[in-house]
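Each chain, letter by letter, is given below.
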Amino acid sequence: MLTEKRESEHTHEHHHEACGCGHEHGHDHEACGHEHDHSHHSHEEVHHTGREFDGVSAGVEQKVYILEGLGCANCAAKMERQIRELPGVEMATITFATKQLRVAANHQEELLPRFREICASIEEQVTVTPREEIQTVKKVEKKSLFQENKKEILIIAAGAVLFAAGEIAEHAGAPSLWPPVCYVIAYVLLGWEIVWTAFKNLGKGHVFDENFLMSVATLAAFAIGDFAEAVGVMLFYRVGELFEDVAVARSRSQIMEAVDMRPEVVGRLEDGEVHEIPAGNAAVGDILLVRPGDRIPLDGVVTEGESRIDTSPVTGEPVPVTVRKGSRLVSGCVNEQSVLQMKVEKPLAESMVTKILDSVENAAASKPKLDRFITKFARVYTPIVVLAAVATAIIPSLITGNWREWIYTAITFLVISCPCALVLSVPLAFFSGIGAGSKKGILFKGGVAIEALKNVKAVVMDKTGTITKGEFQVQSVIPFGRESMDTLLQTAARCEMGSTHPIGTSIVEAAREKGMPLERPKEVEEISGKGIHAVLEEREVLCGNKALMEMFHVKMDRYANDQYGTEVLLAFDGELAGCIVIADSLKNEAKDAIDMMKKQGLVTAMFTGDSKESARAVAGEAGIDKVFAQLLPQDKLAHLQEMRRESGAVLFVGDGINDAPVLAGADVGAAMGSGADAAIEAADVVFMTSQVTAVPEAVAIARKTGRIAMQNVVFALAVKALVMILGFAGMANMWMAVFADTGVAMLCVLNSIRALYGKTVLQKY
């Protein structure tokens, strides 16, 4: 699975035991006084399962193009295959759901004409445009179904009228010339574009496309005298294609509307007046006006006003947040109450609304194994069915002499042989799942992440910040000798001044709340997995866990503590002086979330560097199955591999993803966080709500998406196989064959969109 190490400040491991806390600290050694030999975590990407562009050479240019006019999923697969084969192209992928072509290659301005040539040769109306050339945000005015498809509907209507006229004339005893004339005119109206496109494509070597297959099938029906059947099938095909196109377009629109929250314009305050400007033109430092009901347009900070903000569009968190002067604002959230003035801190390209959209689009480009399998399967499926059609037309006819019947059966095979329903249904299902997650504040990094997540059998979670709030507070200071509580607290705070970990910062905050003066020690030495060895003006101090005390041969006979919490032991000049007890509290929703996971059949586990007593107390309160305590980072991977052997695929969830070995070893890595840059970059799944309930919610979405994708594949193949069997038995006609093609495709599209709407299966567990 994953992942990249979260980019952070200079970080070092620092473990407090007795407790054995094993928490990690970042320390600033500017005033350290001597050098330290610390190992740094790699910031390079460790591993990403199934992400197509991971193998691209460093420095190779990557660009995104928009394929306007792309209407055929199978054609998109052909385009992708041919572009990948171009010299100089390291990787290329086309996402039908977003109409995006992503290419990794140098000198792409020279390759662009070839991209356009390939796409136009497969689907003539497709235009290839670099995304940056059409990056301006424009909200397209919604049109009615008739307005969007006026030409297509009029052609179908005229063809239907002529088809009906031919049927009436044929059964009403009209002159024998009338029915054929009506049928021929109807066929020309309905099928001339398809036949002409098939003819042009033949010259380009595209034999097995849907235009060719439908043209051969219907013209063959004319050849054997089934005029009504040929026109009726072409009519049904055009109607099915129209419904399929509408369903795909609406699905795309609904998914993108859920994730594309970028503003078209913003109201900039200048000299007391509001001027509307394109959102992309707003610069850092501009003052914007945000009225009640408006979305926060860009990331920034409140400069004037107080209001309540609905963060659910971004985080999925339904509880409104109160903001006032100085409060941070995240773009995409909705201002509910009062007028706010805000200062822009990030332009549109760097704001959260754009990051969410980019994340979803990038995710859609990461194709799951099922999608890749179906694309490969489609390449052999159509030729095999066409060969079966040819064999069906010839071999039984030679044996029985009934050429008309077997040619008709072969025609049904040709209609069924189009793989569009298969190629379309899988990626759209996964894209809908990605959209469903984003609506709930869950960012999947691709269909690969969803596919892996639906198969997990165990969930391993960090304790601090994941299961607990990560809001440490000093509960008590316990002297073991003559030192006062204030002296212990002040000394520990001085040692922890460079810490970025909640435990260390809580000690510093407690000292500052009491107004204690704090100065950095003369020397500070980090001892990995044990704690800090510091030299103050008046004495030598040890601040850490039992292992640190044992390392320096500090006698523990004075040690006594029965309080729950994390302990930081202190020794002055080699003698145990006391301890500080810091406690964290369980997240409000943690117990319910763990219960949901168990109802989903997941084994739950907690990894922590904390003491066994503290870890067991938290695990017991939350209801977690297994707890592994007093772990050093290098120990976690071994325990994770053991869990995989016992339970199966493992999801690892952390509050910051700062443990590269265990993340690399997990099947799926997930980050808790409110959309921090590092978390979004590093994880396969990001839970923007930072709530534990996001874990079972994500698993539920993944499982539902996986089921829908498989339903589509099984349904499409089953219907096609059934019609072929019925056709061979003489019980199926061409109308049924058209339903097995366009009808099935439309139903698969409608089924796929279920992943985006309605309740997730979480409610069933």
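One structure accompanies this document, and this report is about it. These numbers were taken from a predicted model, which means no experiment stands behind them.

**Focus: the packing of helix α23 (residues 694–728) against helix α24 (residues 734–752)**
Contact pair α23 / α24: the axes reach a minimum separation of 10 Å and the direction vectors enclose 170°. Viewed along their axes, α23 and α24 adopt a mutual orientation that is roughly antiparallel. Within the contact between the two elements, α23 uses Ile 708, Gln 711, Asn 712, Phe 715, Ala 716, Val 719, Lys 720, Val 723 and Leu 726 and α24 uses Met 736, Ala 737, Phe 739, Ala 740, Asp 741, Val 744, Leu 747, Cys 748, Asn 751 and Ser 752. Class assignment of the residues belonging to the contact of α23 with α24 gives a composition of 13 nonpolar, four polar and two charged.

**Structural notes on the sheet that holds strand β16 (residues 442–444)**
The strand order across the open sheet built from seven strands is β16-β28-β27-β26-β17-β24-β25, with neighbouring strands paired in mixed fashion. Looking at which strands have only one partner, the edges of the open sheet turn out to be β16 and β25 (626–628). Here the average twist between neighbouring strands, direction ignored, is 20°. As paired strands, strand β24 (residues 603–607) and β25 are joined by three bridges and run parallel to one another.

**Describing the packing of helix α5 (residues 178–203) against helix α6 (residues 210–223)**
Where α5 contacts α6, the axes come no closer than 8 Å and their chain directions differ by 135°. Considering their axes alone, α5 and α6 lie oblique with respect to each other. The two elements α5 and α6 cross, and the hand of that crossing is left-handed. Contact with α5, carried on its side by Tyr 183, Val 184, Tyr 187, Ile 194, Val 195, Thr 197, Ala 198, Asn 201 and Leu 202, involves Asn 211, Phe 212, Met 214, Ser 215, Thr 218, Leu 219 and Phe 222 of α6 and no other residues of that element.

**Considerations on empty space enclosed by the protein**
To locate leftover empty space, one rolls a probe as large as a water molecule over the atoms. On inspection of all chains with the given rule, the structure shows four cavities of 30 Å³ or more. With four residues, the single largest contributor to the lining of the largest cavity is helix α1 (residues 73–84). Residue composition of the lining of the largest cavity, grouped by class: eight nonpolar, two polar and three charged.

**Structural notes on the sheet that holds strand β14 (residues 334–335)**
Within the open sheet, the three strands sit side by side as β12-β11-β14. Their pairing is antiparallel. Among the strands making up the open sheet, the edge pair consists of β12 (321–323) and β14. Pairing analysis gives two bridges linking strand β11 (residues 307–310) to β14, with the strands arranged antiparallel. Counterpart to Ile 309 in the pairing with β14 is Asn 335.

**Examining a nonpolar patch on the surface**
Together, Val 390, Ile 394, Ile 395, Leu 398, Ile 399 and Trp 403 give the surface a local cluster of nonpolar side chains, amounting to about 620 Å² of exposed area. Per-element accounting of the nonpolar patch gives the leading share, five residues, to helix α10 (residues 369–400). Among the structural elements, Ile 394 can be located in helix α10.

**Some points on the pairing of strand β19 (residues 523–527)**
As paired strands, β19 and strand β20 (residues 531–535) are joined by five bridges and run antiparallel to one another. Within the sheet, the bridge partner assigned to Val 524 lies in β20 and is Ala 534. In this antiparallel pair of consecutive strands, β19 and β20, the connection spans three residues, and Gly 529 shows a positive phi of 80°.

**Remarks on helix α15 (residues 485–495)**
Buried within α15 are the following residues: Leu 488, Leu 489, Thr 491, Ala 492, Ala 493, Arg 494 and Cys 495. Buried residues in α15 make contact with β18 (473–479), α16 (502–513), β20, β21 (540–544), β22 (566–572) and β23 (575–583).

**With respect to the nonpolar core**
Counting 138 residues, the largest nonpolar core has Phe 115 and Phe 687 as the members making the most contacts within it. With 13 residues, α23 is the largest single contributor of residues to this core. Beyond its immediate chain neighbours, meaning those up to four positions away, Phe 115 contacts Tyr 65, Ile 83, Leu 86, Val 89, Leu 101, Val 103, Gln 108 and Val 128. Membership of the second largest hydrophobic core comes to 26 residues, among which are Ile 503, Ile 507, Ala 510 and Phe 572.

**Notes on the pattern of salt bridges**
Counting across every chain of the model gives 18 salt bridges. Here Glu 124 and Lys 200 are joined by a salt bridge, their closest N and O atoms 2.4 Å apart. Placement of the pair is Glu 124 in the loop between α2 (108–122) and β6 (127–130) and Lys 200 in helix α5, with a sequence separation of 76 residues. Look at Glu 124 and you get partly exposed, because its relative accessible area is 48%. For Lys 200, a relative accessible area of 24% puts it in the partly exposed group. In this structure, Glu 306 engages Arg 324 in a salt bridge whose closest nitrogen and oxygen atoms are separated by 3.3 Å.

**A closer look at the pairing of strand β8 (residues 273–278)**
Where strand β7 (residues 265–270) and β8 come together, six bridges link them in antiparallel fashion. What sits directly across from Val 266, in β8, is Ile 277. Hairpin connection of β7 to β8: two residues between the antiparallel strands, including Asp 271 at a positive phi of 55°.

**As for unusual backbone geometry**
With a phi angle near 55°, Asp 271 is a residue other than glycine that sits in the positive phi range. Checked against the element boundaries, Asp 271 lands in the loop between β7 and β8. Phi is positive for His 553, close to 60°, though the residue is something other than glycine. Given the relative accessible area of 70%, His 553 is considered exposed.

So, how was this worked out
- Residues numbered from 1 in each chain as written.
- Predicted model: local features only at pLDDT ≥ 70, side-chain atom pairs only at ≥ 80, totals over all residues.
- Heavy atoms only, no water.
- Axes fitted to C-alpha atoms, helices over the stretch in contact; angles between N-to-C directions.
- Helix = DSSP H or I, 4+ residues; strand = E, 2+ residues; numbered from the N terminus.
- Parallel < 35°, antiparallel > 145°, perpendicular 65-115°, else oblique.
- Contact = heavy atoms within 4.5 Å.
- Nonpolar A, V, L, I, M, F, W, Y, C, P; charged D, E, K, R; others polar.
- Pairing = 2+ DSSP bridges.
- Left-handed = near helix turned anticlockwise from the far one by under 90°.
- 1 Å grid on protein atoms, 1.4 Å probe; cavity = no way out; pocket = protein on both sides within 12 Å on 5 of 7 lines; lining within 4 Å.
- Points joined across faces, edges and corners; volume = space filled by probe spheres on them.
- Patch = residues over 30% accessible without salt bridge, like charges linked within 9 Å, V, L, I, M, F, W, Y side chains within 5 Å.
- Areas by Shrake-Rupley, 256 points an atom, 1.4 Å probe, with all protein chains shown as cover.
- Salt bridge = Lys/Arg side-chain N within 4 Å of Asp/Glu carboxyl O.
- Buried < 20%, exposed > 50% of the residue type's maximum accessible area, 1.4 Å probe, protein only.
- Core = buried A, V, L, I, M, F, W, Y, C linked by side-chain atoms within 4.5 Å.

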